[in-house]
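Architecture at a glance
Here is what each chain is made of, one letter per residue.
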Amino acid sequence: MTFNIYNILILTGIIQGFIFGIIVVISKWYKSKSILFLIGMIVSYSLGNLQYILPDIGLITSKEMYSYVYLPLASIIAPLLYFHVVFFLNPKRNLSVFDKLLVTPFLLFLIIVVTFRLCLIFNIGLRFIDQTFMNIVIFHELLSIFMSLFILLLILVLLVTYEKANKTFKIEFIKPQLKWLKLTVMILLLLTILWAYITFVNLIYPERAMSYYGLWLGIAAIIYWLGHNGIYRFGIIKERSQLRKHILDKTAPIAIAEFKNAHIKTFQHFLIDQKMYLNPNLTLEKFAESMKISPGHLSRIIKSDLRTNFTDIVNAKRVEAAKSYLENPKFSNYTIIAIGLEAGFNSKSAFFEVFKKLTGKTPTEYKKIWNNTSI
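Presented here is an overview of the structure given in this document. (Residues numbered from 1 in each chain as written. Predicted model: local features only at pLDDT ≥ 70, side-chain atom pairs only at ≥ 80, totals over all residues. Heavy atoms only, no water.)

**Side note on the pattern of salt bridges**
Applying the stated rule across the entire model yields five salt bridges. The shortest N-O distance in the salt bridge between Lys-182 and Glu-163 comes to 2.9 Å. Residue Lys-182 is found in helix H8 (residues 179-204), and its partner Glu-163 is found in helix H7 (residues 131-165); the two are separated by 19 residues along the sequence. Owing to a relative accessible area of 23%, Glu-163 belongs among the partly exposed residues under this scheme. (Salt bridge = Lys/Arg side-chain N within 4 Å of Asp/Glu carboxyl O. Helix = DSSP H or I, 4+ residues; strand = E, 2+ residues; numbered from the N terminus. Buried < 20%, exposed > 50% of the residue type's maximum accessible area, 1.4 Å probe, protein only.)

Right, dumping it as structure tokens:
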């Protein structure tokens, strides 16, 4: 066997993919269709890289790999990512006829590969993998490239459409952050274009055959990226759903100071009773629009009656909510980012900045001090 820095990095990515798969299988926390499809994709990527790296390190020959190891995994990876995305956006969704058609090429080629392999193993008309089989492998590779490009573009359309349809804040609905997912799809598009380029060059100009190291290293990196972000983001959404349920289940009335100004009463109703402070995209303009008054008028009455400004009063309410979560033993193992997002902040950095400004401590420090005090 021969090893170089490239196949060592690729093997590291493969091992990471299998570790992610084991974590999800043995954990009760990650049992969801979305995560199962994501792990299916990550494991498929790992197996795909593994079958191609085995001849590269000299463990088996290319002929032996195609004869006894090869699986047509390239045609299932993009559909698995598509299923992950649609169930991440809508966990209650059922698979449609179109969805099921996306896995048809993989199933068809899998049947062909298994049939050839059985014929080879039992010496039924085949003593070795012949050119017919290799032509099928090439056809599968080309089809998988076009399928991947189509599905990745379809996923981008789904994400953009989802964001447009869910611009309005709803207290009963937790909108997931999708920037990382869109970035992932863009990276996968670039990797697919690289895959297409290398494949076509190797087919048309075999004398100038290109190495797949760049593609395999990219896949190794995306395995880690998907495993870390996909599982991590799912955990955040699950924690946020429990935090949101907690605050919605609180039925105790909140004491509100009496003000003669009817607009201030309406303002406090929207802010506290309707919990509009949980909207990370809340602005003075949006709040004024919901109250049917001008932003300037709202700003003036907040300053005159409450002796503060819109941003400060909203941030104070968010910090108050975050402190209630940080102080609650029920949420002691929850991530700081989930608490910050569920308190209404749009990022971890914004949460830390505002929280420290108002309390003198970071959320992590506050949680640690509170836990030590309560022991």
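**Section: empty space enclosed by the protein**
If you walk through the whole model with that rule in mind, you get one cavity of 30 Å³ or more. Here the largest cavity defines a volume of roughly 70 Å³. Together, Phe-88, Pro-176, Gln-177, Trp-180, Arg-233, Ile-236, Ile-237, Arg-240 and Leu-341 line the largest cavity. Sort the elements by how many residues they give to the lining of the largest cavity and helix H9 (residues 213-249) lands first, with four residues. (1 Å grid on protein atoms, 1.4 Å probe; cavity = no way out; pocket = protein on both sides within 12 Å on 5 of 7 lines; lining within 4 Å. Points joined across faces, edges and corners; volume = space filled by probe spheres on them.)

**Structural notes on the layout of surface pockets**
Summary: where empty space remains is shown by rolling a probe the size of a single water molecule over the atoms. Space inside the largest pocket adds up to approximately 890 Å³. Together, 39 residues line the largest pocket, and Tyr-52, Glu-141, Trp-195, Tyr-212 and Trp-216 are the ones closest to its centre. Going through the elements one at a time, helix H2 (33-56), helix H3 (62-69), helix H4 (74-89), H7, H8 and H9 are the ones with two or more residues in the lining of the largest pocket. With nine residues, H2 is the largest single contributor of residues to the lining of the largest pocket. Considered class by class, the residues forming the lining of the largest pocket number 27 nonpolar, ten polar and two charged. (Nonpolar A, V, L, I, M, F, W, Y, C, P; charged D, E, K, R; others polar.)

**A few points about the nonpolar core**
Formed by 51 residues in total, the largest nonpolar core has its most connected members in Met-41, Tyr-45, Ile-155, Leu-159 and Leu-188. Contributions of two or more residues to this core are made by helix H1 (5-26), H2, H4, H7, H8 and H9. The element best represented in this core is H4, accounting for 13 residues. When residues no more than four places from it in sequence are discounted, the contact partners of Tyr-45 are Ile-77, Leu-188, Ile-219, Ile-222 and Ile-223. Ranked by size, the runner-up nonpolar core spans 37 residues in total, among them Ile-247, Phe-267, Leu-278 and Leu-326. (Core = buried A, V, L, I, M, F, W, Y, C linked by side-chain atoms within 4.5 Å. Contact = heavy atoms within 4.5 Å.)

**Some thoughts on the packing of aromatic side chains**
Enumeration according to the criterion identifies 22 aromatic pairs in this entry. Seen from their ring centres, Tyr-70 and Phe-133 are 6.4 Å apart, and the 90 degrees between their planes marks the pair as edge-to-face. With Tyr-70 in the loop between H3 and H4 and Phe-133 in helix H7, the pair connects residues that are 63 residues apart, well separated along the chain. In terms of burial, Tyr-70 and Phe-133 fall into one category: buried. Here the aromatic rings of Phe-351 and Phe-355 are separated by 5.7 Å at their centres, their planes lie at 75 degrees, and the arrangement is edge-to-face. With Phe-351 and Phe-355 both in helix H15 (residues 348-359) and four residues apart, the pair spans about one turn of that helix. By the burial criterion, Phe-351 is buried, and Phe-355 matches it. Cluster of aromatic residues (ring-pair linked, three or more members): Tyr-6, Tyr-52, Tyr-212, Tyr-213 and Trp-216. (Phe/Tyr/Trp six-rings, centres within 6.5 Å; stacked < 30°, edge-to-face > 60°.)

**Points about helix H6 (residues 104-121)**
Over its 18 residues, H6 extends 26 Å from the first C-alpha to the last, a length consistent with the 26 Å expected when each residue adds 1.5 Å. Looking at the buried residues of H6, the elements they touch are H3, H4, helix H5 (97-101) and H7. Two residues or fewer after H6 comes Asn-123, characterised by a positive phi angle close to 55 degrees. (Expected span 1.5 Å × (residues − 1).)

**Brief notes about the packing of helix H10 (residues 262-273) against helix H13 (residues 310-326)**
It is the contact of H10 with H13, at a shortest axis distance of 11 Å, that shows an interaxial angle of 35 degrees. Helix-helix and strand crossings are classified by hand; for H10 and H13 the assignment is right-handed. Residues Phe-267, Leu-271 and Ile-272 of H10 lie in contact with H13, whose contacting residues are Phe-310, Ile-313, Val-314 and Lys-317. Residues that form the contact of H10 with H13 fall into these classes: six nonpolar, no polar and one charged. (Axes fitted to C-alpha atoms, helices over the stretch in contact; angles between N-to-C directions. Left-handed = near helix turned anticlockwise from the far one by under 90°.)

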